[in-house]
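Chain and residue survey
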Amino acid sequence: MEPMIRVNQVEKTFEAGSRQVQVLKGVRLELYARQWIIIRGRSGSGKTTLLNLIGGLDIPTQGEVYFQEELISMWNDLQRTKLRKQKIGFIFQSFALMPLLSAWENVELSLRMSGTPRVEWKHRVQHCLELVGLNKRMHHRPFELSGGEQQRVAIAKAIAHKPLLLLADEPTAELDSLMGAQIMRVFREIIAEENVTLCMTTHDPTLMEVADHVYEMVDGQFSSDKEL
Ligand SMILES: Nc1ncnc2c1ncn2[C@@H]1O[C@H](COP(=O)(O)OP(=O)(O)OP(=O)(O)O)[C@@H](O)[C@H]1O
Ligand SMILES: [Mg+2]
């Protein structure tokens, strides 16, 4: 089976004033369909930088990123934007919901943006909100929801357009441990029901066991690669 994502010897250097800072120093990673992987590591170790490269939000300085065998790290902005709209869902630490829109409207917005035919919206919005367990909160706005509920809306929004890949950057960082565990259960269900691959970052050591594989980022490299 071919990997969905293949990251090959990726390096990333940022310009900070006159200085160059090398954040990723040769990362290799393969992600298969329906896999759940976690990237852990200290603040500043390069987790978000790597997630951005996998999701086509940025391109590496060296090395390659493949999405379904296509070399997306050579694609231009327009091509990568199109890929993101169609095949990738993003979830952030701070939920990133539209504050004036209800849960329902937030999810609907994602379908509008992805170009999903309007006739499919109602069924899909309902399905996604039910999947994350928000049956009774569909018409609440973000400020009327708890942090855990807001994150569940954000997850429903991220999966609405049926992406192949979900990228979640510290999705539980602003939640207490109970809500964090609930979010993990929601993810487990989504992987099973929607056939997505999930790649997430976290600092929380109690969440690690849910994943199929945990990579530890240490100073811009995975620790298992460092030992080689
Ligand atoms: N656009 C940028 N320009 C310059 N430096 C950057 C840029 N983006 C990230 N960095 C630097 O790269 C390093 C890694 O950042 P990154 O956000 O990937 O870390 P992280 O592992 O996600 O940390 P955290 O756990 O705090 O989210 C940091 O030192 C950061 O300052
Ligand atoms: Mg980060």
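These numbers were taken from a predicted model, which means no experiment stands behind them. (Residues numbered from 1 in each chain as written. Chains lettered and ligands numbered in written order. Predicted model: local features only at pLDDT ≥ 70, side-chain atom pairs only at ≥ 80, totals over all residues.)

Re the site of ligand 1
In the neighbourhood of ligand 1, the contacting residues comprise Phe-14, Ala-16, Val-21, Val-23, Gly-41, Ser-43, Gly-44, Ser-45, Gly-46, Lys-47, Thr-48 and Thr-49. If you list the elements that add at least two residues to the shell around ligand 1, you get strand 1 (5-16), strand 2 (19-31) and helix 1 (47-54). When residues of the shell around ligand 1 are assigned to their parent elements, the largest contribution, 3 residues, is made by helix 1. Looking at the shell around ligand 1 residue by residue, the class counts come to 4 nonpolar, 7 polar and 1 charged. (Near = placed C-beta within 6 Å. Helix = DSSP H or I, 4+ residues; strand = E, 2+ residues; numbered from the N terminus. Nonpolar A, V, L, I, M, F, W, Y, C, P; charged D, E, K, R; others polar.)

Quick notes on the packing of helix 5 (residues 147-159) against helix 6 (residues 177-194)
Close contact between helix 5 and helix 6 brings their axes to 10 Å; oriented N to C, the two are set at 20 degrees. Relative to helix 6, the element helix 5 lies roughly parallel. Both helix 5 and helix 6 take part in a crossing whose hand is right-handed. Residues Gly-147, Gly-148, Gln-151, Arg-152, Ile-155 and Ile-159 of helix 5 touch helix 6, and the partners they reach there are Met-179, Gln-182, Ile-183, Val-186, Ile-190 and Glu-194. Class assignment for the residues of the contact of helix 5 with helix 6 results in 6 nonpolar, 4 polar and 2 charged. (Axes fitted to C-alpha atoms, helices over the stretch in contact; angles between N-to-C directions. Parallel < 35°, antiparallel > 145°, perpendicular 65-115°, else oblique. Left-handed = near helix turned anticlockwise from the far one by under 90°. Contact = placed C-beta atoms within 7 Å.)

A short note on the pairing of strand 3 (residues 36-41)
Taken across its 6 residues, strand 3 has 5 buried, putting it largely inside the fold. The pairing of strand 3 with strand 8 (residues 197-202) spans 5 bridges and is classified as parallel. Along strand 8, the bridge assignment pairs Ile-39 with Thr-201. Judged from the 5 bridges that link them, strand 3 and strand 9 (residues 213-218) form a sheet pairing that is parallel. Paired with Ile-37 across the two strands is His-213, which belongs to strand 9. (Buried ≥ 20, exposed ≤ 12 C-beta atoms within 10 Å, placed from the backbone. Pairing = 2+ DSSP bridges.)

Quick word on the nonpolar core
Ile-54, Leu-129, Ala-156, Ile-159 and Leu-166 are the most contacted members of the largest nonpolar core, which totals 56 residues. Ranked by residue count, the leading element in this core is helix 5, at 6 residues. Contact partners of Ala-156, with chain neighbours within four places excluded, come to Val-107, Cys-128, Leu-129, Leu-131, Val-132 and Leu-134. (Core = buried A, V, L, I, M, F, W, Y, C linked by C-beta atoms within 7 Å.)

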